Amino acid sequence: MAGSRRRGLQARVRPLFCALLLSLSRLVGGDGVGGDPAAAGTAATLPHRRFEYKYSFKGPHLVQSDGTVPFWAHAGNAIPSSDQIRVAPSLKSQRGSVWTKTKAAFENWEVEVTFRVTGRGRIGADGLAIWYTENQGLEGPVFGSADMWNGVGIFFDSFDNDGKKNNPAVVIIGNNGQIHYDHQNDGASQALASCQRDFRNKPYPVRAKIIYYQKTLTVMINNGFTPDKNDYEFCAKVENMIIPAQGHFGISAATGGLADDHDVLSFLTFQLTEPGKEPPTPDKEISEKEKEKYQEEFEHFQQELDKKKEEFQKVHPDLQWQPVEEVFETVGDRELRQVFEGQNRIHLEIKQLNRQLDMILDEQRRYVSSLTEEISKRGAGVPGQPGQITQQELDTVVKTQHEILRQVNEMKNSMSETVRLVSGIQHPGSAGGVYETTQHFIDIKEHLHLVKRDIDNLVQRNVPSNEKPRCPELPPFPSCLSTVHFIIFVVVQTVLFIGYIMYRSQQEAAAKKILFDLSFQSLQLLVLSLCQTSAFNEGVQCPKEKVIRPWALHHCLFQYISSSGISQGRCQVLFSFGPCGFSGSLPELKLDWC
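Residues numbered from 1 in each chain as written. Predicted model: local features only at pLDDT ≥ 70, side-chain atom pairs only at ≥ 80, totals over all residues. Heavy atoms only, no water.

As recorded in an unreviewed UniProt entry, the chain goes by Lectin, mannose binding 1 and comes from Callithrix jacchus. Taken directly from UniProt, the Subcellular location (unreviewed entry) text for the chain runs: "Endoplasmic reticulum-Golgi intermediate compartment membrane". (UniProt positions renumbered as here; feature names shortened; annotations may be inferred.)

Caption draft 1: How the structure looks around the UniProt feature "transmembrane region" (unreviewed entry) in the chain. With numbering aligned to this structure, UniProt lists the feature "transmembrane region" (unreviewed entry) at residues 484–503. Helix makes up 100% of residues 484–503 and strand 0%, and the two end C-alpha atoms of the span are 29 Å apart. (Helix = DSSP H or I, 4+ residues; strand = E, 2+ residues; numbered from the N terminus.)

Caption draft 2: A look at the pattern of salt bridges. Applying the stated criterion across every chain yields a total of 14 salt bridges. Residues Glu110 and Arg49 are paired through a salt bridge, measuring 3.1 Å at the closest nitrogen-oxygen approach. Here the residue Glu110 occupies a position in strand 7 (residues 108–118), and Arg49 occupies one in strand 1 (residues 48–51), the gap between them amounting to 61 residues. Residue Arg49 is classed as partly exposed on the basis of its relative accessible area of 37%. In this structure, Asp260 and Arg200 form a salt bridge, with 2.8 Å as the shortest nitrogen-oxygen distance. Note that Asp260 is positioned in the loop between strand 15 (248–254) and strand 16 (261–273) and Arg200 in the loop between strand 11 (191–195) and strand 12 (206–213), a separation of 60 residues in sequence. Take Asp260: its relative accessible area is 0%, and that puts it in the buried class. Salt bridges linked by common partners bring Arg49, Glu110, Glu112 and Lys209 together as one network. (Salt bridge = Lys/Arg side-chain N within 4 Å of Asp/Glu carboxyl O. Buried < 20%, exposed > 50% of the residue type's maximum accessible area, 1.4 Å probe, protein only.)

Caption draft 3: Seen up close, the nonpolar core. Of all hydrophobic cores here, the largest spans 46 residues; its most connected members are Trp109, Phe115, Phe156, Ile172, Phe249 and Phe267. Top element by residues in this core is strand 7. It accounts for five residues. Setting aside its immediate chain neighbours within four residues, Phe267 contacts Tyr55, Ser56, Phe57, Trp72, Val111, Glu112, Val113, Ile130, Phe249, Gly250 and Ile251. Ranked by size, the runner-up nonpolar core spans eleven residues in total, among them Trp99, Val142, Phe143 and Phe155. (Core = buried A, V, L, I, M, F, W, Y, C linked by side-chain atoms within 4.5 Å. Contact = heavy atoms within 4.5 Å.)

Caption draft 4: Representation of the sheet that holds strand 9 (residues 150–157) in the model. Strand order in the open sheet made by the seven strands is 3-6-15-8-9-10-11, with antiparallel pairing throughout. Every other strand in the sheet has two partners, leaving strand 3 (72–76) and strand 11 as the edge strands with one partner each. Each strand of the sheet is rotated relative to its neighbour by a mean of 15 degrees, with strand direction disregarded. Of the strand pairs in this sheet, strand 9 and strand 10 (residues 169–176) are connected by eight bridges, and their pairing is antiparallel. (Pairing = 2+ DSSP bridges. Axes fitted to C-alpha atoms, helices over the stretch in contact; angles between N-to-C directions.)

Here you go:
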């Protein structure tokens, strides 16, 4: 009875225990993969989230017809497109940034950023940063943004500047506007929190969720290995974080000696409201004066639109139900616009290079003129005094300068030809085609290569031998196999090889012994069977032993062969079943007898 009561009690307690475990797992799961702001509260008291479109962007149709992003401003080398913003392209020493035009006055907020960092090399540089600062940092040395910011920055640093092999990493750094960023040490002494995450060259876009709720900053990362948008994992947290009450959201990126493509696919901002508080409505954020102003502008635009519609319907009555024009540019128009923008940039770079060549040419001319005056003053036949330059050295310098002038003139002429080609591309005639444009690009590329080669030769000639520039040293690559590990590997491999050879020799010796025993036993059976026959017993006295020794077997067979007169062919048949193949082990049994 006592056992049945105990089992009944356990049966009633077991469901209650399971329910308790489920409730605890739900409470603990608030900080897990979901990545919600429940880290600051419980699952029953989640904050209210409201999407803020003025502080967000997402493709497709991300840019307008004039190339700008609504409510955002881009600077530096940032290139907006219809589905993403390339903040920094995969070229050396590039910087770019994107910032909100207006300040956000949110007490609590959440940001979800989707981006890609891709490059050909095993190591990339420099990285990407997400900002919330009091002022816009359009350009600067800190991942493409300004230094000494007032706010917080979340850095996705892909290059190991301090050589501690702790990159790529995600670092949270705050600033009050008075501290310079320690770029050489990757901000190690200034970091509030960090985690090591590899965000380069992932199969899916990497997602970062940044939550500022109740003065606690939390960073969650989706590593980009799965297409699941909610597969976040915890990265870092900073408590008692004080940031400006109003600030700009931004994202920036930069490259150095190494280069990656830094593409931002979306930047979504949410305002968080604590439970129990009334969420702010859009009407409360806009004053009455601004409402009246926007209403008047809307009515004015609406009237102009109605007039344009009526005029178009009068002129084209048969097209009144068809679309007037396409709102967005086509793929061909966008590609053509990008081509012309690239040509404009090439044109500007070539003009700047041409100005620099003019400056070099003027300087060389002044230098040659001063040398010529010095030669004319001294005269040709005056012997040189100690400490002065000889006539031969002056002649050598003058010849060198004339050669430099000639090369600079050639480079200038080449640059002028390149400028002419680019101008011709920017103002094509009616007969221009794809082939001509391609040929122009090839000519520009060839001229630029020539200019680069001539400038390199010029620099090498002008720089003294003891001051010639050296190539920058490559960053130390981690060794995959050290010397100690290699020696240990060779010793272990040698020991294993020797052991295998010894084991194989033992196996071969054992196999030979087994074969010898089997052959000898078969021969014993053969002789015993012969001894039982009448032909063999005539005149042959075989041993009576059950186990025949080798010398007895030899004597028995010899008696049988000599008495019966077995032919040579029969002897061969007889010994084909014996140990004829093992004559080395039994030298007394050989086929030479036959």
